[in-house]
Amino acid sequence: NGEAGYENIEIFKGILSSLLINESVYMPLVHIMLPMNINNNLMFSEIWIDPDNDSSSEEKFEKNRKTKILVKFDIKDVGFFDLIILHSNAKVDIQVFCPDKIIKLDKTLKTALSGIIEKNGFGVNNLSVDVSHKPISLSEVFHKIYERKNEVNVRI
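Residues numbered from 1 in each chain as written. Predicted model: local features only at pLDDT ≥ 70, side-chain atom pairs only at ≥ 80, totals over all residues. Heavy atoms only, no water.

Engineer: Is there a simple way to think about the pairing of strand β4 (residues 66-75) in this case?
Structural biologist: It is a general feature of regular strands that their side chains alternate between the two faces of the sheet. The pairing of strand β3 (residues 41-51) with β4 spans nine bridges and is antiparallel. By the bridge assignment for β4, M43 is matched with I75. Of the strand pairs in this sheet, β4 and strand β5 (residues 79-88) are connected by ten bridges, and their pairing is antiparallel. Bridge assignment links F73 to a residue of β5, and that residue is F81. (Pairing = 2+ DSSP bridges. Helix = DSSP H or I, 4+ residues; strand = E, 2+ residues; numbered from the N terminus.)

Given below as structure tokens:
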């Protein structure tokens with residue numbers, strides 16, 4: 001609210017940004033944490049993003065760019081969810097892993113997700129909804145974490 005003085009607002013924003021967004025030269029993924037309170041429903045979410053940067057030319061890179069995203073979130077009194085998203089050429093493939101009590105709403109969930117995606121200018125290649133038997137690990141989704149563990153990512 002600015003009570004600590006105007007000059008401290010930017011410092012606080014920097015600290016908060018550092019806490020919520022972690023991009024390290026030692027980690028090939030961008031990691032974002034989002035604690036939320038939506039309509040008095042407490043939720044915690046983690047987003048892991050792996051932009052594909054293996055193309056050599058800038059033009060070729062933008063045309064063939066693929067981005068893989070893992071979204072993990074926990075909604076109080078509902079359960080844990082995992083979303084695996086692969087984005088390429090304005091099209092997405094999505095796998096949703098949700099609690100048992102949500103799986104019976106899979107058609108509603110698919111329709112809602114497709115609507116959100118298309119409303120934002122993307123197309124849907126594949127969309128699947130399955131029951132989550134166990135949390136998905138980072139290494140299951142992002143294989144290059146172990147392939148590149150001896151390298152330093154110097155992307156800025």
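Engineer: I keep staring at the environment of V131 and nothing clicks. Help me out?
Structural biologist: Looking at the secondary structure, you find V131 in strand β7 (residues 123-131). As a C-alpha pair, V131 and F97 span 34 residues in sequence and 5.3 Å in three-dimensional space.

Engineer: Would you mind showing me how to read the nonpolar core here?
Structural biologist: Taken as a class, soluble globular proteins show a tendency for nonpolar side chains to be buried jointly. Within the largest apolar cluster, 19 residues are counted, with the highest numbers of intra-cluster contacts made by V71, F73, L83, I85, I94 and V96. When residues of this core are traced back to their parent elements, those giving at least two are β2 (30-38), β3, β4, β5, β6 (91-98), α4 (106-119) and β7. When residues in this core are grouped by element, the largest group, four residues, is from β6. Setting aside residues up to four positions removed in sequence, V71 forms contacts with S45, E46, I47, F81, D82, L83 and I85. (Core = buried A, V, L, I, M, F, W, Y, C linked by side-chain atoms within 4.5 Å. Buried < 20%, exposed > 50% of the residue type's maximum accessible area, 1.4 Å probe, protein only. Contact = heavy atoms within 4.5 Å.)

Engineer: Help me understand the environment of D82, please; the structure alone is not making it clear to me.
Structural biologist: Structurally, the position occupied by D82 is in strand β5. By relative accessible area, D82 is classed as buried at 4%. D82 sits 48 residues away from D130 along the chain, and the two C-alpha atoms are 9.9 Å apart. Contacts of D82, omitting those with residues within four sequence positions, involve V71, K72, Q95, V96, F97, S132, K134, P135 and I136. Polar side-chain contacts of D82 include one of 2.7 Å to the side chain of K72. At 3.2 Å, the side chain of D82 and the backbone nitrogen of I136 are in polar contact. (Polar contact = N/O pair within 3.5 Å; in protein donor to acceptor, adjacent residues only side chain to side chain.)

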